[in-house]
Amino acid sequence: MDALPVFLPLIGFLIAFLFGKQIGDRGAQFVTCAGLIGAAALSVSLFFDVALGGNARTIEIAPWIASGTFEANWAVRLDTLSVVMMCVITIVSSCVHVYSVGYMSHDEHQARFMSYLSLFTFAMMMLVTADNLIQLFFGWEGVGLASYLLIGFWNKKHSANAAAIKAFLVNRVGDLGLALGIFACLVLFDSVQFDTIFMQASSQSDAVFRFLGHEFHALTLVCLLLFIGACGKSAQLGLHTWLPDAMEGPTPVSALIHAATMVTAGVFLVCRFSPLYELAPFAKDVVTIVGALTAIFAATIGMTQFDIKRVIAYSTMSQLGYMFFAAGVGAYGAAMFHLMTHAFFKALLFLGAGSVIHAMSDEQDMRRMGGIAGHIKITYVLMWIGSLALAGVPFFAGYYSKDMILEAAYGAHTQVGMLAFWIGIGAALMTAFYSWRLLLLTFHGKPRADHHTMEHVHESPFIMLLPLFVLAVGAVLAGYVFYPYFVGEEVEAFWGASIASHEAIHAAHHVPSWVPLAPTIVGGIGILLGFICYQFTQGIPETVSRIFKPVHALFFRKWYVDELYDAMFVKPAWVLGRRFFKGGDQMIINGLGPDGLAKASRAGSGVLSALQTGYVYHYALTMIVAIVALMGWLLLKLKGLI
Amino acid sequence: MTVFNFNDVVAIAPEVMLAVGSMLLMMVGVTARGGALKPVALLTVFLWVVTAGYICTHGAGETMRVFEDMLVLDDFAQLMKIFIAGGAVAALLLAVADIDKTVMARFEYPVLMSFAVLGMFLMVSANDLLALYVGLELSALSLYVLAAFDRNSTRASEAGLKYFVLGAISSGMLLFGASLIYGYTGSTQFDVIQATLSAGAVPGPSSVVVLFGMILIVSAMAFKISAVPFHMWTPDVYEGAPTSVTAFFAIVPKIAAMALIIRLVTGPFEPLASDLQPVLAIIAVASMLVGAFAAIVQTSIKRLLAYSSIGNMGYALVGLVAGTHLGLSALVMYLAIYMVMTVGTFGVIMLLRRDGMAVEKISDLSGLSKSRPYYAYALAILMFSMSGIPPLAGFFGKYAVFQAAVAANAYVLAVIGVLTSVVAAWYYINIIRVMFFEEPKEGEALGLSSCPVSRIVLGASLLFVLLFILAPQSLAVISANATNGLLK
C-alpha cells in the first residue's frame with residue numbers, strides 16, 4: 001500500500017502505452033490521470049504520516065542484485081525528504097496530466113504522450129524513494145529516458161530531435177560523474193545502501209583515495225563526483241546547455257520535467273547526501289560557488305531572450321542555482337523549501353505560458369505578442385501570481401524560500417557564503433526585472449501580432465485552467481504554510497533523520513535585520529525597472545542594448561557557451577566520428593569484414609559457376625586431375641616430403 | 001567349392017522379394033493396357049513397404065555373412081535399408097503426382113526405381129568388391145535411365161547422357177582400384193583385405209599401389225555422393241532431369257553410397273586410416289566450401305539444391321573423418337535428417353505448379369507468402385532447418401557432426417563447417433526473403449498440384465522437422481546402435 005503511489009504511474013504507463021490503440025485517447029487520458037491523482041492523494045496522506053507524524057520507514061519490495069556481499073534491493077524509502085519530493089512530483093504531475101488533456105487535444109499521439117508522462121513520473125518516484133544508489137541510478141536514467149522521449153515528442157521537427165539528443169548527451173557527461181560517485185561509494189563503504197553509507201560516513205572522514213600518485217580526500221571526491229551528476233541533471237553552469245533547447249518539447253513537458261521535478265533531482269541528491277557533504281567542506285564550497293554563478297549567469301541571459309519559454313527556462317536554471325548554493329552553505333531545508341515552492345510557481349508560469357502560446361496560435365516570440373491581457377484575463381492573473389511568487393514579493397511562496405536562502409548564505413559568515421549572498425541579491429534584481437519584462441511584453445502594450453492571430457486569441461478551456469488554479473494556490477500559500485516546518489521552529493522534528501544538519505538554518509535566523517529586507521527591496525527595484533523600460537517609456541531597452549552592445553551580445557548569445565562547446569567538443573567529435581565511421585568502420589571493418597567477405601563470396605561463387613562449363617570432358621578431366629592430385633599428395637606424404 | 005545354401009537365400013529375403021517383385025511388376029505393367037503408372041506405382045510402394053516391414057521385424061541381431069562372405073547382414077545394413085526404402089517410398093509418392101498425365105507417365109518409372117533400390121540394398125550389404133560393383137552398377141544403370149526418362153526433353157536426355165558417361169568413368173576407376181587391391185592382397189573379400197593390410201603383409205613399394213587402389217575406389221564413391229571434386233555432374237543432372245527424378249537422386253542414392261563409404265572406411269581400408277582420413281578431410285572441406293559458395297549465384301532451385309546436397313554431404317563426411325563411433329553415429333543421424341528435409345523441400349517444390357510443371361526458378365517463388373501462405377511457411381521452416389537454425393531438426397544434425405569433430409580434435413573441420421553453414425544460411429534464407437519480401441509477379445499466381453498424397457508426405461516431413469526437438473535422443477540412440485558393430 002505504501003508503495004502504491006510509486007507504482008500507480010507505472011500501471012498507467014503500461015496500460016496507456018501497450019493498449020493505447022485499444023482504449024483510445026480518451027481511455028489513455030483517463031487511466032493516466034486517474035493513476036496520477038490517486039498517487040497524489042496517497043502521497044499527501046503519506047506526507048501527513050511520515051513527515052508530520054515522524055513515522056519514517058523503508059519498504060522492501062524485491063531483491064534485485066545479489067552478488068557476493070554486494071546487495072541491492074528494490075525498495076521504497078519513506079522519510080521526510082522523499083515524501084516531500086513525492087508530494088511535489090505527484091501534485092505537479094497530476095496538474096500537468098490534466099492540463100495535457102486540453103493542451104494536446106489536437107495532437108495525433110495523445111495516448112503515447114500521456115504514457116510518457118506517466119513513465120517519467122514513475123521513474124522520478126523511483127529516484128526519490130530509492131534506498132540505495134543503484135535504484136537511484138535506475139530512476140535517474142529513467143527520467144533521462146522519459147525526458148529524451150518527451151523533448152523529441154514532436155519527432156517530425158528536426159530541432160526537437162536535435163534538442164532531445166543534446167539533452168541526452170549532455171546528461172551522459174553528468175551521469176558519468178554520478179556513476180563514478182557510486183563506484184567510489186562502493187569502494188569506500190563496500191555498500192550502496194544509504195543507511196550503511198551515512199552510518200559509516202564519519203568513520204571514513206579521513207579516508208583518502210590514491211590515484212596517479214596523488215592523494216584525494218575520499219569524501220570530498222565522492223561528493224564532487226555526485227555533484228557532477230547533479231549538475232548534469234539540474235543544468236548547472238557548464239552542463240546547462242541542454243535545458244533551454246529542451247523547450248522544443250511540448251509545454252506541459254517543460255513544466256513537469258524541466259521546471260518542477262527532474263531538474264531538481266540534483267538538488268535532491270545533494271540534500272540526500274547531506275551527511276557526506278557535511279564532512280566535505282571543500283565540496284560544499286564548490287557547490288555554493290557553482291550554484292551562485294549559475295544563478296547570476298542564467299539571470300543575465302534571461303533578461304535578453306525573446307522566446308517566452310526560454311526566458312522561463314533560464315529563470316528555472318537561475319532558481320536551481322539558488323537551491324544549490326543554499327545546499328552548499330548547509331541550509332538543506334531551505335534548498336528543499338525553495339525546491340517545493342519553485343515547483344508550484346514555475347509549473348504555474350510554464351503552464352500559463354502554454355496557455356498564452358495556445359491562445360496565440362503557437363506563437364512563442366514575445367516580440368510578436370502584447371496587448372492580450374484583456375482577451376485572456378484568467379491566464380493573465382495567474383501569470384501575475386506566478387511572477388509575484390518568482391520575484392519574491394512578500395507573502396507569496398517565493399518570498400519565504402528565497403529570503404531564507406539568502407539569509408542562510410549571509411548567516412554562513414564565510415567568504416564563499418558572502419559571495420553567494422551578494423550574487424543572489426544581484427540575481428534577485430534581475431529575476432524581478434525579467435519577470436516583469438515577460439509580463440509586460442506579453443500582455444501589455446499594443447498588439448504586435450497580425451490581426452489574423454489576434455482574432456483567434458481565446459481563453460484556454462476549463463480543463464487547462466483547473467490545474468493552473470491548483471498550482472496558483474500553491475504559489476500563494478505554500479511558502480507561508482510550510483515555513484515553520486521546512487525552515488522554522490519545527491525544522492528538526494519535521495526533517496527527522498533525513499537531513500544531517502540544520503546549523504545553517506539556525507544561523508540564518510540570526511542575521512542583521514537589513515538582510516531579510518534586501519531581497520524584497522531589490523525585487524521591488526527590479527519590478528520598477530521593468531515597468532520603466534517596458535511600460536512607462538519607450539526605447540530604453542534599445543538604447544541600453546546599443547550602448548552596451550558587447551555586453552548585450554554576450555548575454556543575448558548566452559555567453560557563447562554553445563558556440564564554445566560546439567568548437568571544443570561537438571566539431572572535433574564530428575570530425576573524429578566521421579573519420580572512424582568512414583575510415584574505420586566503412587573502409588576497414590566493413591571493407592574487410594561483412595562487405596568485403598560478401599563481395600569475395602560472390603566472386604568465388606562466380607568462379608565456381610564458371611568452372612561448371614557443361615562439357616562432359618571438362619568434368620571428366622576434373623575428376624582425373626583430382627585423382628592424380630590426391631595420389632601425388634599421398635605419394636609425397638609417404639616419402640616424407642610433406 | 002560352392003554349395004548352395006538355402007539359409008543364405010532366406011537371410012537375404014528382402015533382396016529376393018525386391019528382385020522378384022520388381023520383375024513381376026514389370027510384367028504387370030506390360031500386360032496392363034494404358035494408364036498403368038498408378039497401379040504399378042502403388043504396388044511398388046506396397047512392395048517396398050512390405051520389404052521394409054520385413055527388415056524391421058526380422059532383426060539382424062548377430063552379424064551374418066552369407067554367400068561365401070559376399071554379403072554382410074548387420075544392424076547398420078538393416079537401418080540403412082530401412083532409410084533407403086523409406087526415402088524411395090516418399091520419392092515415388094511425390095513423383096506420381098508430378099509425372100502423371102505427362103509423357104513420363106509410364107509404368108517403367110516405378111519399376112526402374114525399384115531396381116535401383118535393389119541395387120542399393122546390395123551396396124549397403126556388400127562385403128566383397130564384386131558384390132559392391134554389381135550392386136552399384138545395378139542401381140546406377142537404373143538411375144541413368146531415370147535421368148533421361150523425359151525422352152522428349154533434350155535437357156533430360158543431356159542430363160542422362162552426362163550422368164551415364166561420367167558414371168562409366170567412375171565405374172572404371174572403381175574397377176581399376178579394385179583390381180589393384182586384388183592384385184596386392186589376393187582377395188576381393190573385405191575381411192580378407194582388411195586382415196592382409198593390417199598384418200602388414202603388403203611389402204614397401206606395393207603399399208603405394210594399394211593406396212592408389214584405395215584412392216580410386218574412394219573417388220568412385222565420392223562421385224556417387226557427389227562430393228567435391230567429383231561433383232561436377234550434380235548441378236547439371238539435377239537441373240536437367242525431371243524434378244521427380246531429381247528428388248529421388250537427392251534423397252536415396254546418397255544414403256546407399258554413404259553407407260558403402262562407411263563400410264569401406266571401417267572395413268577393408270581401416271588399416272590405412274592414417275592415409276585415408278586426410279583424403280576424406282580434403283574432400284569434406286572442399287564439398288562444404290563449394291556447396292556453400294557456388295550456390296550463392298544460382299537462380300534455379302534445382303541447381304541450388306544440387307549445391308546444397310554437395311555441401312550437406314561435406315557435413316556428413318565430417319562425421320566420418322572424425323573416425324569415432326560418435327562421428328559415425330552423427331553421420332547416420334545427419335543422413336536421416338537430411339533425407340527428411342529434402343523430401344519436404346522437394347514436396348513443396350513439386351506441389352507448386354507453373355504451367356503444369358514444378359517450379360524451377362527461385363524468382364518463381366516471389367511473393368509466395370501472399371499467394372500461397374501455407375506453402376511459403378512450410379518452405380520457410382524447411383529452409384531454416386536446412387540452414388541449421390534451432391529448434392528445428394537440421395540444427396541437431398549439424399550439431400551432432402560438429403560435436404563429433406570437436407570430440408575427435410578435428411577443430412579445423414568443425415570451424416570450417418560452422419563458417420560454411422553461415423554462408424549456406426545466406427542462400428537458404430534468401431529463398432525465404434524472396435517468398436516473403438518480394439512482390440509476386442503479376443497475373444501469374446502459382447498453381448497447386450491436387451495430389452493429396454504429396455501433401456501428406458510434405459506434412460509428415462514438416463512434423464518431423466518441427467517436432468524433432470521433443471525426442472532428439474531417440475534417433476541418436478538408433479544411429480548409435482546401428483553403428484556399434486562397425487568399429488572394432
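Residues numbered from 1 in each chain as written. Chains lettered and ligands numbered in written order. Predicted model: local features only at pLDDT ≥ 70, side-chain atom pairs only at ≥ 80, totals over all residues. Heavy atoms only, no water.

## Considering the overall build of chain A
Spelled out, the test is: Labels follow the DSSP assignment, with helices taken as runs of H or I lasting at least four residues and strands as runs of E lasting at least two, numbered in each case from the N terminus. Only protein chains enter the accessibility calculation, which uses a 1.4 Å probe. A residue is then buried if its area is under 20% of the maximum for its type, exposed if over 50%, and partly exposed in between. Here a residue-residue contact requires only that any non-hydrogen atoms of the pair lie within 4.5 Å. Where accessible areas are quoted, they stem from the Shrake-Rupley method and a 1.4 Å probe; at the residue level, only the protein chains shown are allowed to cover.
Along chain A, the regular secondary structure elements total 28 helices and 4 strands. For chain A, with 642 residues in total, the buried portion stands at 56%. In chain A, 79% of the contacts between residues at least 6 apart in sequence involve partners at least 24 apart. On chain A, roughly 25800 Å² of surface is accessible, and the fraction owed to carbon and sulfur atoms is 69%.

## A word on the packing of helix H4 (residues 75–99) of chain B against helix H20 (residues 452–467) of chain B
Helix-helix packing is characterised by the crossing angle of the two axes and by the distance between the axes. Residues and elements named next belong to chain B. What counts is decided by this rule: Angles here are taken between N-to-C directions and fall from 0 to 180 degrees, while the axes themselves are lines fitted to C-alpha atoms, restricted in helices to the stretch in contact. Here a crossing is taken to be left-handed if its near helix is turned anticlockwise relative to the far helix by less than a right angle, and right-handed if that turn runs clockwise. Only Asp, Glu, Lys and Arg are considered charged, only Ala, Val, Leu, Ile, Met, Phe, Trp, Tyr, Cys and Pro nonpolar, and every remaining residue, Gly among them, polar.
It is at 8 Å that the axes of H4 and H20 come closest, and there the two elements cross at 145°. In this structure, H4 meets H20 at a crossing whose hand is left-handed. Residue-level inspection shows Ala90, Leu93, Leu94 and Ala97 of H4 in contact with H20, the latter providing Val453, Ser454 and Val457. Considered class by class, the residues forming the contact of H4 with H20 number 6 nonpolar, 1 polar and no charged.

## A look at a nonpolar patch on the surface
Residues and elements named next belong to chain A. As a reminder of what qualifies: Here the term patch refers to residues with relative accessible area over 30% and no salt bridge, with like charges joined within 9 Å and nonpolar side chains (Val, Leu, Ile, Met, Phe, Trp, Tyr) within 5 Å. Salt bridge, as used here, is a side-chain nitrogen of Lys or Arg placed within 4 Å of a carboxyl oxygen of Asp or Glu.
A cluster of nonpolar side chains, namely Ile11, Leu14, Ile15, Phe17, Leu18, Phe19 and Ile23, defines an oily patch on the protein surface of about 590 Å² accessible area. Broken down by element, the nonpolar patch gets its largest block of residues, 5 residues, from helix H1 (residues 4–18). Judged by relative accessible area, Ile11 falls into the partly exposed class, the value being 41%.

## Re the interface of chain A and chain B
Threshold: In short, buried area is how much 1.4 Å probe accessible area vanishes from two parts on joining, totalled over both. Two N or O atoms count as a polar contact when they lie within 3.5 Å, although within protein this holds only if one can serve as hydrogen donor and the other as acceptor, and sequence-adjacent residues are included solely when both atoms are side-chain atoms.
At the interface, 23 residues of chain A touch 37 residues of chain B. Carbon and sulfur atoms make up 79% of the surface buried where chain A meets chain B, a total of about 2700 Å² over both sides. Here chain A is connected to chain B by 1 salt bridge. Close ionic contact of Lys637 of chain A with Asp275 of chain B constitutes a salt bridge, the shortest N to O distance being 3.3 Å. Taken together, chain A and chain B are joined by 9 residue pairs in polar contact (both at pLDDT 80 or more).

## What to know about the sheet that holds strand S4 (residues 357–358) of chain B
Residues and elements named next belong to chain B. This is how it is decided: By definition, two strands form a pair when at least two bridges between them are found by DSSP.
Overall, antiparallel pairing links the 3 strands, which are arranged S4-S3-S5 in an open sheet. With one partner strand each, in any of the chains shown, S4 and strand S5 (447–448) form the two edges of the open sheet. As defined by bridge partners, strand S3 (residues 352–354) adjoins S4 across 2 bridges and the pair is classed as antiparallel. Residue pairing for S4: Arg354 is matched across the bridge by Met357. The sheet strands contacting helix H15 (residues 325–351) are S3, S4 and S5, and the helix crosses S3 at an angle near 40°.

## A word on empty space enclosed by the protein
Residue and element names in this part refer to chain B. What counts is decided by this rule: A pocket, in this scheme, is an open set of points on a 1 Å grid over the protein atoms alone with protein on both sides within 12 Å along at least 5 of 7 lines, while a cavity is a set where a 1.4 Å probe fits but cannot get out; residues line either one if an atom lies within 4 Å of a point. Grid points are joined across faces, edges and corners, and a volume is the space filled by probe spheres set on the points.
The final tally for this structure, using the stated rule, is 5 cavities of 30 Å³ or more. Its boundaries defined by the atoms lining it, the largest cavity holds a volume of some 90 Å³. Met123, Ser139, Ala140, Leu143, Tyr163, Lys224, Trp233, Phe249, Pro253, Lys254 and Ala257 together form the lining of the largest cavity. Looking at the lining of the largest cavity, the elements that each hand over two or more residues are helix H6 (129–147) and helix H12 (253–266). Residues that form the lining of the largest cavity fall into these classes: 8 nonpolar, 1 polar and 2 charged.

## As for the pairing of strand S1 (residues 57–67) of chain A
Each regular strand carries side chains that alternate between the two faces of the sheet. The pairing of S1 of chain A with strand S2 (residues 70–78) of chain A spans 9 bridges and is classified as antiparallel. Bridging from a neighbouring strand, Ala62 of chain A pairs with Trp74 of chain A of S2 of chain A.

## Topic: the layout of surface pockets
Residue and element names in this part refer to chain A. Roughly 840 Å³ of volume is contained in the largest pocket. Around the largest pocket, the lining is made up of 27 residues, and of these Arg437, Cys533, Tyr534, Pro541 and Glu542 lie nearest the centre. Of the residues that constitute the lining of the largest pocket, the class distribution is 13 nonpolar, 9 polar and 5 charged. Space inside the second largest pocket adds up to approximately 690 Å³. What lines the second largest pocket is a set of 17 residues, and nearest its centre among them are Lys166, Leu169, Val170, Phe569 and Val570. Elements supplying a minimum of two residues to the lining of the second largest pocket: helix H6 (158–189) and helix H26 (561–592).

## Description of the confidence of the model for chain B
Residues and elements named next belong to chain B. Definition in use: Along the chain, pLDDT gives the predictor's confidence residue by residue, from 0 to 100.
Averaged over all residues, the pLDDT of chain B equals 90, while 97% of them reach at least 70. Of all the helices and strands in chain B, S4 carries the lowest mean pLDDT, 76, while helix H5 (residues 108–125) carries the highest, 95. The ipTM, which scores confidence in the relative placement of chains, is 0.90 for this predicted complex, and the corresponding pTM is 0.68.

## A word on the side chain of Gln110 of chain A
Residues and elements named next belong to chain A. Within the secondary structure, Gln110 is located in helix H4 (residues 110–129). From its side chain, Gln110 meets the backbone oxygen of Ser105 in a polar contact 3.2 Å long. In terms of polar contacts, Gln110 uses its side chain to reach the backbone carbonyl oxygen of Asp107, at 3.2 Å. With near-sequence residues (within four places) excluded, Gln110 lies in contact with Asp25, Gln29, Met104 and Ser105.

## Digging into the packing of aromatic side chains
All names here are of chain A. Rule in force here: Only Phe, Tyr and Trp rings take part, Trp by its six-membered ring, and two of them pair if their centres are within 6.5 Å. Stacked means planes under 30 degrees apart, edge-to-face means over 60, and tilted covers everything else. Definition used: whenever NZ (Lys) or CZ (Arg) falls within 6 Å of the ring centre and also within 35 degrees of the ring normal, the charge is taken to sit over that ring.
Applying the stated criterion to the full structure yields 57 aromatic pairs over all chains. Ring geometry for Phe113 against Phe153: centres 5.0 Å apart, planes inclined by 70°, an arrangement best described as edge-to-face. Of this pair, Phe113 sits in helix H4 while Phe153 sits in the loop between helix H5 (133–151) and H6, placing them 40 residues apart in sequence. Considered together, Phe113 and Phe153 belong to a single accessibility category, that of buried residues. Note on Tyr380 and Phe443: the rings are 5.0 Å apart at their centroids and 55° apart in plane angle, and the pair reads as tilted. Of this pair, Tyr380 sits in helix H16 (residues 377–391) while Phe443 sits in helix H18 (residues 415–443); the two residues are 63 residues apart in sequence, bridging distant segments of the chain. Pair check on accessibility: Tyr380 and Phe443 agree, each one buried. The ring of Phe168 has Arg172 lying over it, and the distance from NZ or CZ to the ring centre is 4.5 Å.

## Describing helix H10 (residues 233–240) of chain B
The buried fraction of H10 of chain B is high, at 8 of 8 residues. Among the residues of H10 of chain B, those classed as buried are Trp233, Thr234, Pro235, Asp236, Val237, Tyr238, Glu239 and Gly240 of chain B.

## A closer look at the nonpolar core
Filter applied, for reference: Residues enter a nonpolar core if they are buried and are Ala, Val, Leu, Ile, Met, Phe, Trp, Tyr or Cys, with the set joined through side-chain atoms within 4.5 Å.
Ranked by size, the top nonpolar core spans 211 residues in total, and within it Met124, Phe273, Leu276 and Tyr277 of chain A carry the most contacts. It is helix H15 (residues 332–359) of chain A that provides the largest number of residues to this core, a total of 19 residues. With near-sequence residues (within four places) excluded, Phe273 of chain A lies in contact with Leu133, Cys185, Phe194, Ile197, Phe198 and Leu226 of chain A. Counting 206 residues, the second-largest nonpolar core is a separate cluster that includes Met221, Val290, Leu320 and Phe468 of chain B.

## Observations concerning the environment of Tyr116 of chain A
All names here are of chain A. Inspection of the secondary structure puts Tyr116 in helix H4. Note: C-alpha distance between Tyr116 and Leu149 (33 residues apart in sequence) is 7.3 Å. Sequence-distant contacts of Tyr116, defined by excluding residues within four places in its chain, comprise Phe17, Ala146, Leu149, Leu150 and Phe153.

## Digging into the pattern of salt bridges
A pair can form between side chains of opposite charge whenever their charged atoms are brought close. Evaluated as defined, the whole model comprises 32 salt bridges over all chains. In this structure, the salt-bridge partner of Arg367 of chain A is Asp365 of chain A, at a minimum N-O distance of 3.0 Å. Here Arg367 of chain A falls in the partly exposed class, since its relative accessible area comes to 44%. Note on Asp365 of chain A: relative accessible area 12%, which makes it buried. The network of salt bridges with common partners includes Glu158, Lys162, Asp236, Glu239 and Arg303 of chain B.

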